[in-house]
Amino acid sequence: MKSKLNTVRLDNWDLRILSELQADGRISKSELAKRVHLSASACSERLRVLETAGVIEGYYARLSPSLTVGVVFVMVEVVLDRHRLEDQRHFETAIQGIPEIMDCWAIGGRVDYLMRVAAPSMAAYQEFMEGLLQLGLGIDQYYSLVVTKSVKSNSPIPSSALRER
């Protein structure tokens, strides 16, 4: 199903709804309506449109950082050996099904992708990377940056970046 994201126009009401939902995804529809100063039916309809259009992709639980004690997080810079569109698509499609890769961004500059990887230990991370290289994804080089401390994470998109469109 193709997203209708490019056809939806966000106004100030929508931006308020999105900001509130990022702060509390479990908020009831009636409380959401109160916070954004809309009737319950108007707020519900806007919410339905935002979900249908793909503006809201899902609702998630933020887990306690105490669960990650002992987990190794590594930022991995990846350089592909070829830069054809089909090579990029192959890499991007393949990593979708790899749960250890928590995030992946295509970036400009000296590297092609930046990934955030989670592993139970450095030895497990090394084993993971060796397996990833064996998948034939076209990885020419990779650089590992070990996260030593989380300073800020899971931040919502700031309302200043969410503008009417």
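One numbering rule holds for all chains: residues counted from 1, following each sequence as written. Since the coordinates come from a predicted model, pLDDT governs what is reported: local features require at least 70, and pairs of side-chain atoms require 80 or more to be given and counted, while whole-chain, interface and lining totals use all residues. Side-chain measures here rest on the full set of heavy atoms in the structure, leaving out hydrogens and waters.

1. A look at the environment of Val 147
Secondary structure elements are taken from DSSP: a helix is a run of H or I of four residues or more, a strand is a run of E of two residues or more, and numbering for both begins at the N terminus. Within the fold, Val 147 resides in the segment after β4 (139-146). Given the relative accessible area of 34%, Val 147 is considered partly exposed. Expressed as a C-alpha distance, the spacing of Val 147 and Val 74, which sit 73 residues apart in the sequence, is 5.6 Å. Exposed residues in this analysis have more than 50% of their type's maximum accessible area, buried residues have under 20%, and partly exposed residues fall in between, with area computed by a 1.4 Å probe over protein chains only.

2. A word on the packing of aromatic side chains
Put simply, two rings from Phe, Tyr or Trp (the six-membered ring, in Trp's case) pair if the centres are within 6.5 Å, and we call them stacked under 30 degrees between planes, edge-to-face over 60, tilted for the rest. Inspection of the entire model under this criterion finds 1 aromatic pair. Ring centres 4.5 Å apart and planes at 35° place the aromatic pair Phe 91 and Tyr 113 in the tilted group. Taken together, the positions of Phe 91 in helix α4 (residues 85-95) and Tyr 113 in strand β3 (residues 113-119) put the pair 22 residues apart, joining distant regions of the chain. The same class applies to Phe 91 as to Tyr 113, namely buried.

3. Some thoughts on the nonpolar core
Among buried residues, those of type Ala, Val, Leu, Ile, Met, Phe, Trp, Tyr and Cys that are joined through side-chain atoms within 4.5 Å constitute a nonpolar core. Ranked by size, the top nonpolar core spans 19 residues in total, and within it Val 76, Val 78, Phe 91, Ile 101, Met 115 and Leu 132 carry the most contacts. Breaking this core down by element, the ones donating at least two residues are β1 (72-80), α4, β3 and α5 (122-133). Excluding residues that lie within four positions of it along the chain, Val 76 makes contacts with Tyr 113, Leu 114, Met 115, Val 117, Tyr 125, Met 129, Tyr 142 and Tyr 143. In terms of nonpolar packing, the next biggest core, distinct from the first, is built from 15 residues, Leu 10, Ala 33, Cys 43 and Leu 162 among them. Residue contacts are counted whenever heavy atoms from the two residues lie within 4.5 Å of one another.

4. Side note on the pairing of β1
Within β1, 9 of the 9 residues are buried, which leaves it mostly tucked inside the rest of the structure. Any two strands with at least two DSSP bridges between them are considered paired. The pairing of β1 with β3 spans 7 bridges and is classified as antiparallel. Bridge pairing in β3 links Val 72 to Ala 119. Direction of pairing for β1 relative to β4: antiparallel, over a ladder of 7 bridges.

5. So, the environment of Leu 32
By the element assignment, Leu 32 lies in helix α2 (residues 29-36). Judged by relative accessible area, which is 1%, Leu 32 ranks as buried. Non-local contacts of Leu 32, meaning those with residues more than four positions away in its chain, are made with Ile 17, Glu 20, Leu 21, Ile 27, Cys 43 and Leu 47.

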